[in-house]
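# Report on the structure
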Amino acid sequence: MAEEIRKVGVVGLGAMGAGIAQLCVEAGVETVGREVSAELGENARDRIGHFLTRKVEKAQMDQAARDAAVGRLSLTTDLAGLADCDLVIEAIVEELGPKQELFAELERICRPDAVLATNTSALSVTEIASRVASPGRVVGMHFFNPAPLMPLVEIVRAELSSDDAFETAYAFGALLGKHPIRCNDTPGFVVNRILIPLLNDCVRTLDEARVTVEDLDAGMKHGAGWPMGPCELLDLVGIDVHVHASEALWDKLREPRMAPPARLVAMANAGLYGRKSGRGFYTYG
Ligand SMILES: NC(=O)c1ccc[n+]([C@@H]2O[C@H](COP(=O)([O-])OP(=O)(O)OC[C@H]3O[C@@H](n4cnc5c(N)ncnc54)[C@H](O)[C@@H]3O)[C@@H](O)[C@H]2O)c1
C-alpha cells in the first residue's frame, strides 16, 4: 500500500464529501474532488471556501493558510483525474449498485497500491467491494455529519480488507485530526448500531410514558448526562435520515428495536424533518 498519503481523491462532493475534502485540504493534502457536473464541483468548492473564510473571521485560521487550503483542492468530472491518488474516499449516493460500479471503475483507473474507502453509513463494505478484483484494498471510513466538526471516524474492516489498507486508512483518519476507531463490517458499525435503536426507544417512550418532548429531553440530559436530548438530536440529524438508517438496520438485523417507530415514519412522510425543514419535534425559524 502507499506508504504515505500525498494525494487524495474524494468522489461525490455533497454534504459529506465536501466536508471530507475540506478536512483533507486543511490537513495539507492535495485533493481532487470528483462530481457529476462541473457546476456541482464548483458549488462544493465555494461552500468549502466559505467555511474556511468563516474560520479566518473567527481567528481560527489566517488568510494565507485559508487560500493555500482552497488552492489544494482541484476538481474533475472525469474519474481518470484520480489516477495518481494514494487514497480515494467515496461519498456518493447511498445505493449499492452505483457504489459497486464506481469501485470497479476506480480499480481500473487507480494505481494498484491505492486504498479505496467508502463513507457508507448503512451498506455493507464487503458487498461494495464484491465487484473489485483486489478487495483487499477496500475499507470503510465512516465520518459523521458535519465531517469538519464531528471528531469521530469509524475505520471499517471488510471481510477481505488487507491489514495494510486498514491501517493506512486509520493513520489517515488520525492525520485529519479525527479520533479513529477500528471495527468490523457489521450493520450500523459501532455508533449507529447503538444509537439508532436507542433513539427509537426514546421515541417509543414518548408515547408509552406520555412524557412531553421537552420533559423527555430534560430527562435524558439531566438524568443520563446526555449533551442534548434525543428529540433535539433527531431534529439535528434529520428525521428522514434517521428513518432511512433505521430501516436499513431493521432490514439486516430484524430486531424489533431497529425498526423506526410509526411516529417517526409519519413525521418523515409529512416533511417534518427537523432543523433542515424548520419543523420536527421542535419548530425552528
Ligand atoms: N449525511 C449524513 O449524515 C451522512 C453521514 C455519514 C455518512 N453518510 C454517507 O455518505 C454518503 C454521501 O452522503 P451525503 O449525505 O453527502 O449525500 P449527498 O446527496 O449530499 O451527496 C452525494 C453527492 O454525490 C454526487 N454523486 C453521485 N454519484 C456520483 C458519482 N458517480 N461520481 C461523483 N459524484 C457523484 C451527487 O451529485 C451528490 O452531490 C452516503 O453513502 C451516505 O450514506 C452520510
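Within each chain, residues carry numbers counting from 1 in the order of the written sequence. At least 70 in pLDDT is required for a residue's local features to be given in this predicted model, at least 80 for side-chain atom pairs to be given and counted, and no such filter applies to totals for whole chains, interfaces and linings, which use all residues. Only hydrogens and water are removed before side-chain values are computed, so all heavy atoms of the structure are retained for them.

### Quick word on the pattern of salt bridges
For side chains of opposite charge, pairing can occur when their charged atoms come near one another. Salt bridges are identified by distance alone: a Lys or Arg side-chain nitrogen within 4 Å of an Asp or Glu carboxyl oxygen. The full count for this structure, using the stated rule, is 15 salt bridges. Here Arg66 makes a salt bridge to Asp67, at a shortest N to O gap of 2.9 Å. Burial status follows relative accessibility: with a 1.4 Å probe on protein chains alone, a residue under 20% of its type maximum counts as buried, one over 50% as exposed, and anything between as partly exposed. Judged by relative accessible area, which is 15%, Arg66 ranks as buried. Residues Arg157 and Asp163 are paired through a salt bridge, measuring 3.0 Å at the closest nitrogen-oxygen approach. A relative accessible area of 25% means that Arg157 is categorised as partly exposed.

### Points about the sheet that holds strand β5 (residues 115–118)
Either a parallel or an antiparallel arrangement is found when strands of a sheet pair, and the pairing is made through backbone hydrogen bonds. When DSSP finds two or more bridges between a pair of strands, those strands are recorded as paired. Runs of E in the DSSP output that reach at least two residues are strands. Runs of H or I that reach at least four are helices, and both are numbered from the N terminus. Pairing is mixed across the open sheet formed by 8 strands, whose spatial order is β3-β2-β1-β4-β5-β6-β7-β8. Two strands close off the open sheet at either side, each with one partner strand: β3 (73–76) and β8 (179–184). Going across the sheet, the axis of each strand differs from the next one's by a mean of 25°, ignoring polarity. Pairing geometry for strand β1 (residues 7–11) and strand β4 (residues 87–90), over 4 bridges, is parallel. Across the sheet, Val11 pairs through a bridge with Glu90, a residue of β4. Geometry is summarised by axes, namely lines fitted to C-alpha atoms with helices restricted to the contacting stretch, and by angles between N-to-C directions that run from 0 to 180 degrees.

### A short note on the environment of Val191
Following the sequence through the fold, Val191 ends up in helix α7 (residues 191–208). It is 35 Å that separates the C-alpha atoms of Val191 and Asp67, two residues lying 124 residues apart in sequence. Not counting residues up to four positions away in its chain, the partners in contact with Val191 are Phe144, Leu152 and Glu154. In what follows, residue pairs with any heavy atoms lying within 4.5 Å of each other are defined as contacts.

### Focus on the side chain of Asn119
Topologically, Asn119 is positioned in the loop between β5 and α5 (125–128). Among all residues touching Asn119, those that are not within four sequence positions of it are Met16, Ile20, Glu90, Ala91, Met141, His142 and Phe143.

### Some points on the side chain of Thr118
Mapped onto the fold, Thr118 is located in strand β5. Here a polar contact is recorded for every N or O atom pair within 3.5 Å, except that within protein the pair must consist of a potential hydrogen donor and a potential acceptor, and residues adjacent in sequence are included only if both atoms are side-chain atoms. Within the structure, the side chain of Thr118 is placed 2.4 Å from the side chain of Glu90, a separation counted as a polar contact. Not counting residues up to four positions away in its chain, the partners in contact with Thr118 are Glu90, Lys99, Phe103, Val125, Ile128, Val139, Gly140 and Met141.

### Here we look at the packing of aromatic side chains
Whether two aromatic rings pair depends on their centres lying within 6.5 Å, for rings of Phe, Tyr and Trp, where Trp uses its six-membered ring; planes under 30 degrees apart make the pair stacked, over 60 edge-to-face, and the rest tilted. The final tally for this structure, using the stated rule, is 0 aromatic pairs. Whether a charge lies above a ring is judged from NZ of Lys or CZ of Arg, which has to be within 6 Å of the ring centre and within 35 degrees of the ring normal. Sitting above the plane of the Phe166 ring, Arg157 keeps its charged end 4.3 Å from the centroid. Positioned above the aromatic ring of Tyr170 is the side chain of Arg182, whose terminal nitrogen or guanidinium carbon lies 3.7 Å from the ring centre.

### What about empty space enclosed by the protein?
Cavity and pocket criteria rest on a 1 Å grid covering protein atoms alone: a 1.4 Å probe that fits but cannot get out defines a cavity, protein on both sides within 12 Å along at least 5 of 7 lines defines an open pocket, and an atom within 4 Å of a point defines a lining residue. Grid points are joined across faces, edges and corners, and a volume is the space filled by probe spheres set on the points. This model, assessed by the stated rule, comprises 1 cavity of 30 Å³ or more. Quantified by volume, the largest cavity comes out at close to 60 Å³. If you trace the largest cavity, you find it lined by Ser121, Ala122, Pro187, Gly188, Asn192, Ile196, Ala245, Ala248, Leu249 and Lys252. Counting only elements with at least two residues in the lining of the largest cavity, the list comes to α7 and α10 (239–253).

### Regarding the nonpolar core
In terms of nonpolar packing, the biggest core is built from 35 residues, with Val8, Leu87, Ile89, Met141, Phe143 and Phe172 touching the most fellow members. Ranked by residues supplied to this core, first place goes to helix α1 (residues 15–26) with 7 residues. Not counting residues up to four positions away in its chain, the partners in contact with Phe143 are Met16, Ile20, Leu23, Ile89, Asn119, Leu152, Val153, Leu176 and Lys178. Nonpolar core, defined: a set of buried Ala, Val, Leu, Ile, Met, Phe, Trp, Tyr and Cys residues in which side-chain atoms within 4.5 Å join the residues together. With 22 residues, the next largest nonpolar core counts Phe103, Val156, Cys183 and Phe189 among its residues.

### Side note on the site of the ligand
The ligand sits among 19 residues. The nearest are Met16, Arg34, Glu35, Glu94 and Lys99. A distance of 2.6 Å is found between an oxygen atom of the ligand and a side-chain nitrogen or oxygen belonging to Glu94. Residue Lys99 places a side-chain N or O atom 2.7 Å away from an oxygen atom belonging to the ligand. Relative to its free-state accessible area of 840 Å², the ligand is covered by the protein chains to the extent of 75%. Mapped by element, the contributors of at least two residues to the shell around the ligand are α1 and β6 (138–143). Residue polarity is assigned by list, with Asp, Glu, Lys and Arg as charged and Ala, Val, Leu, Ile, Met, Phe, Trp, Tyr, Cys and Pro as nonpolar; anything else, Gly included, falls into the polar class. Across the shell around the ligand, the residue classes break down as 8 nonpolar, 7 polar and 4 charged. Here a residue is considered near a molecule or strand provided that any single heavy atom belonging to it is located within 4 Å of it. Here, Shrake-Rupley sampling with a 1.4 Å probe gives the accessible areas, and only protein chains in the shown set may cover a residue.

### Looking at the pairing of β6
Across the 6 residues that make up β6, a large majority, 6, are buried. Judged by which residues are buried, β6 turns out to be covered on both faces: Val138, Gly140 and His142 on one side and Val139, Met141 and Phe143 on the other are all buried. Sheet topology note: the β5/β6 ladder contains 3 bridges and is parallel. What sits directly across from Thr118, in β6, is Gly140. As paired strands, β6 and strand β7 (residues 152–157) are joined by 4 bridges and run antiparallel to one another. Each residue of the ladder has a partner; that of Gly140, found in β7, is Val156.

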